[in-house]
Amino acid sequence: MPHSLKHLFDNNREWAERMEREQPGFFSRLSQQQSPKYLWIGCSDSRVPANQITGLDPGEVFVHRNIANVVVHSDLNALSVIQYAVDCLKVEHIMVVGHYGCGGVLAATRGTRIGLADNWLRHVQDVRLRHRQRLNHLPQAQLEEVMCEMNVIEQVGNVALSNVMQDAWSRGQKVAIHGWIYRVSDGLAHDLDVTMSRPGEVVDVFRRAFKKYPRGA
């Protein structure tokens, strides 16, 4: 049975007309260059759109998304995005943004099999195992929320320790990394207080962030 996507093209046309009406010349200016100040590293979840959450227009935020907002040093896709954003676009802020109820984090936490993505989510399972003494004593619902937060903190650390960031900071480039968590049920983002802006503070910020989660008896 054929499925028409005409409504999406209609939506696109209406959006383009509205943008041009509200900001005359918007697309001609946008086509000349992109100069975002922000890089958003987030989850692929369709409920967590970077521009809408931050209230930014196209061209104002560079975006990389994957399942469970993971950054690992073997992922050339993520590292290439970070490198381009930092070295070429000269972004000033990198936000690693997770969200409560993340399907990837929940699958890794509960041991649920979902298919090929299980291999990718081993990185999240590693977070669960590494911090099990701060997690295992928690009620399941709280454990899952804390895991979503911890996963963000771990990924902030991974971005900070990448050679792209280390090189940028060593040459004096002003770029900071932040960790945020978003709650779909109310549409609000929260800062997890793990901002890193130079190599000398990475370890201390990272250690302090996890101290917020007490170990079990």
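Here the structure is a predicted model, which is why all the values come from computation and not from measurement.

About the criteria used
- Residues numbered from 1 in each chain as written.
- Predicted model: local features only at pLDDT ≥ 70, side-chain atom pairs only at ≥ 80, totals over all residues.
- Heavy atoms only, no water.
- Core = buried A, V, L, I, M, F, W, Y, C linked by side-chain atoms within 4.5 Å.
- Buried < 20%, exposed > 50% of the residue type's maximum accessible area, 1.4 Å probe, protein only.
- Helix = DSSP H or I, 4+ residues; strand = E, 2+ residues; numbered from the N terminus.
- Contact = heavy atoms within 4.5 Å.
- Salt bridge = Lys/Arg side-chain N within 4 Å of Asp/Glu carboxyl O.
- Pairing = 2+ DSSP bridges.
- Axes fitted to C-alpha atoms, helices over the stretch in contact; angles between N-to-C directions.

Break down the nonpolar core for me, with residues and values.
Nonpolar side chains in soluble globular proteins tend to end up buried together. One finds Leu39, Ile82, Ile94, Val159 and Ile177 to be the most contacted residues of the largest nonpolar core, which totals 51 residues. The element that contributes the greatest number of residues to this core is helix 9 (residues 140-160), accounting for 10 residues. Other than its neighbours up to four places away in sequence, Ile94 contacts Leu39, Ile41, Ile82, Val86, Val159, Met165, Val175, Ala176, Ile177 and His178. Counting eight residues, the second largest nonpolar core, distinct from the first, contains Leu56, Val61, Met95 and Val97.

Mind laying out the pattern of salt bridges, listing which residues take part and the relevant values?
Tallying each qualifying case throughout the model produces 10 salt bridges. When the shortest N-O distance is used, the salt bridge between Arg13 and Asp10 registers 3.3 Å. Here Arg13 and its partner Asp10 are both found in helix 1 (residues 6-22), three residues apart, which amounts to about one turn of the helix. On the basis of relative accessibility, which here comes to 24%, the residue Asp10 falls in the partly exposed class. In this structure, Glu145 and Arg183 form a salt bridge, with 2.9 Å as the shortest nitrogen-oxygen distance. Within this pair, whereas Glu145 is found in helix 9, its partner Arg183 is found in strand 4 (residues 176-183), the two being separated by 38 residues in sequence.

So what's going on with the sheet that holds strand 1 (residues 38-43)? Residues and values would help.
Reading across from one edge, 2-1-3-4-5 is the order of the five strands in this open sheet, with mixed pairing throughout. Of all strands in the sheet, those bounded by a partner on one side alone are strand 2 (61-66) and strand 5 (188-191). Across this sheet, the average inter-strand angle for adjacent strands is 25°, counted without regard to direction. With four bridges connecting them, strand 4 and strand 5 associate as antiparallel partners. Bridging across to strand 5, Arg183 finds its partner in Leu188.

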